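Observations on the model geometry
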Amino acid sequence: MMGEFKAFVARGNVLDLAVGVIIGAAFGKIVTSLTEDLIMPVIGVVTGGVDFTNKFLVLGAIPESYKGSLTDYAALKAAGVPMLGYGAFITAVIGFLLMAFVIFQIVRAANSMMPKAPEAPAAPAGPSEVDLLIEIRDALKKG
């Protein structure tokens with residue numbers, strides 16, 4: 001079993017996949033920072049100072065023992081208050097769109113750098129249906 005596992009791990013595809021996952025995780029952190037630290041503050045300024053991180057709807061009762069701010073999403077979430085955090089969702093959607101756009105650009109650039117496969121020569125054209133029917137007719141006339 002260990003020999004099979006070693007052969008599996010030693011395959012180039014598995015190692016390439018592992019490297020891709022590690023780079024992807026690091027890239028995801030960069031995109032998250034880009035979204036939360038650069039883009040969302042700009043969107044907040046454009047929308048008149050709206051802070052999307054604190055946009056939520058409280059769905060249930062707030063515990064009587066809670067002494068924090070009623071507008072602090074993180075504190076309410078930590079206190080176990082059921083909430084609909086649509087601001088965090090909007091931020092996640094923007095992060096996803098940024099990630100998808102960047103990956104699209106990377107794939108597009110990689111495809112443009114790849115050599116194009118030579119086109120296969122066209123197969124020689126055979127006789128058309130009309131030619132075949134003429135041959136059959138002529139063969140029937142002879143025979």
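Structure first, text after, so check above.
Keep in mind it's a predicted model, so treat the numbers as computed, not measured.

Looking now at the side chain of threonine 91. Counting through the fold element by element, threonine 91 comes out in helix α4 (residues 86–113). Among the residues examined, threonine 91 registers a relative accessible area of 9% and is labelled buried. Of note is the side chain of threonine 91, whose polar atom sits 3.0 Å from the backbone oxygen of glycine 87. Beyond its immediate stretch of four places on either side in the chain, threonine 91 contacts Thr35, Glu36, Met40 and Phe52.

Residues Phe56, Tyr66, Tyr73, Leu76, Val81 and Met83 constitute the largest nonpolar core, which totals 6 residues. Tyrosine 73 has contacts with Thr53, Asn54, Phe56, Met83 and Gly85, leaving out every residue within four places of it along the chain.

So, on to the pattern of salt bridges. Tallying each qualifying case throughout the model produces 1 salt bridge. Its salt-bridge partner being aspartate 138, residue arginine 137 comes within 3.2 Å of it at the nearest N-O pair. Residue class for arginine 137 comes out partly exposed when judged on its relative accessible area of 43%. Under the relative-accessibility criterion, aspartate 138 is labelled partly exposed at 31%.

On to the packing of aromatic side chains. Note on aromatic pairs: each is described by the distance of the centres and the angle between the planes. With the rule as written, the count across this model stands at 1 aromatic pair. Between phenylalanine 56 and tyrosine 73 the ring centres are 5.4 Å apart and the planes differ by 45 degrees, which places this aromatic pair in the tilted class. Highlighted residues: phenylalanine 56 in the loop between α2 (12–46) and β1 (57–58) and tyrosine 73 in helix α3 (residues 73–78), separated in sequence by 17 residues. Side by side, phenylalanine 56 and tyrosine 73 carry an identical accessibility label, which is buried.

On the surface, a nonpolar cluster with roughly 390 Å² of combined accessible area is contributed by Leu57, Leu59, Leu84 and Tyr86. Positionally, tyrosine 86 belongs in helix α4. Tyrosine 86 gets classed as partly exposed once you look at its relative accessible area, which sits at 35%.

Let's shift gears to the environment of leucine 59. Position of leucine 59 among the secondary structure elements: in the loop between β1 and α3. In the structure, leucine 59 is positioned 32 residues away from threonine 91 in sequence and 20 Å away in space, judged by C-alpha atoms.

Turning to the side chain of threonine 35, a few remarks are in order. Checked against the element boundaries, threonine 35 lands in helix α2. According to the relative accessible area criterion, threonine 35 is buried, its value standing at 2%. Ignoring any residue separated from it by four or fewer positions in sequence, one finds threonine 35 in contact with Met40, Pro41, Thr91, Ile94, Gly95 and Leu98.

In this fold, asparagine 54 is placed in the loop between α2 and β1. With a relative accessible area of 33%, asparagine 54 lands in the partly exposed category. A C-alpha to C-alpha distance of 31 Å links asparagine 54 and isoleucine 23, two positions 31 residues apart in sequence. When near neighbours in sequence (up to four residues on either side) are disregarded, asparagine 54 contacts Thr71, Asp72 and Tyr73. From its side chain, asparagine 54 meets the backbone nitrogen of tyrosine 73 in a polar contact 3.3 Å long.

Conventions adopted
Residues numbered from 1 in each chain as written. Predicted model: local features only at pLDDT ≥ 70, side-chain atom pairs only at ≥ 80, totals over all residues. Heavy atoms only, no water. Helix = DSSP H or I, 4+ residues; strand = E, 2+ residues; numbered from the N terminus. Buried < 20%, exposed > 50% of the residue type's maximum accessible area, 1.4 Å probe, protein only. Polar contact = N/O pair within 3.5 Å; in protein donor to acceptor, adjacent residues only side chain to side chain. Contact = heavy atoms within 4.5 Å. Core = buried A, V, L, I, M, F, W, Y, C linked by side-chain atoms within 4.5 Å. Salt bridge = Lys/Arg side-chain N within 4 Å of Asp/Glu carboxyl O. Phe/Tyr/Trp six-rings, centres within 6.5 Å; stacked < 30°, edge-to-face > 60°. Patch = residues over 30% accessible without salt bridge, like charges linked within 9 Å, V, L, I, M, F, W, Y side chains within 5 Å. Areas by Shrake-Rupley, 256 points an atom, 1.4 Å probe, with all protein chains shown as cover.

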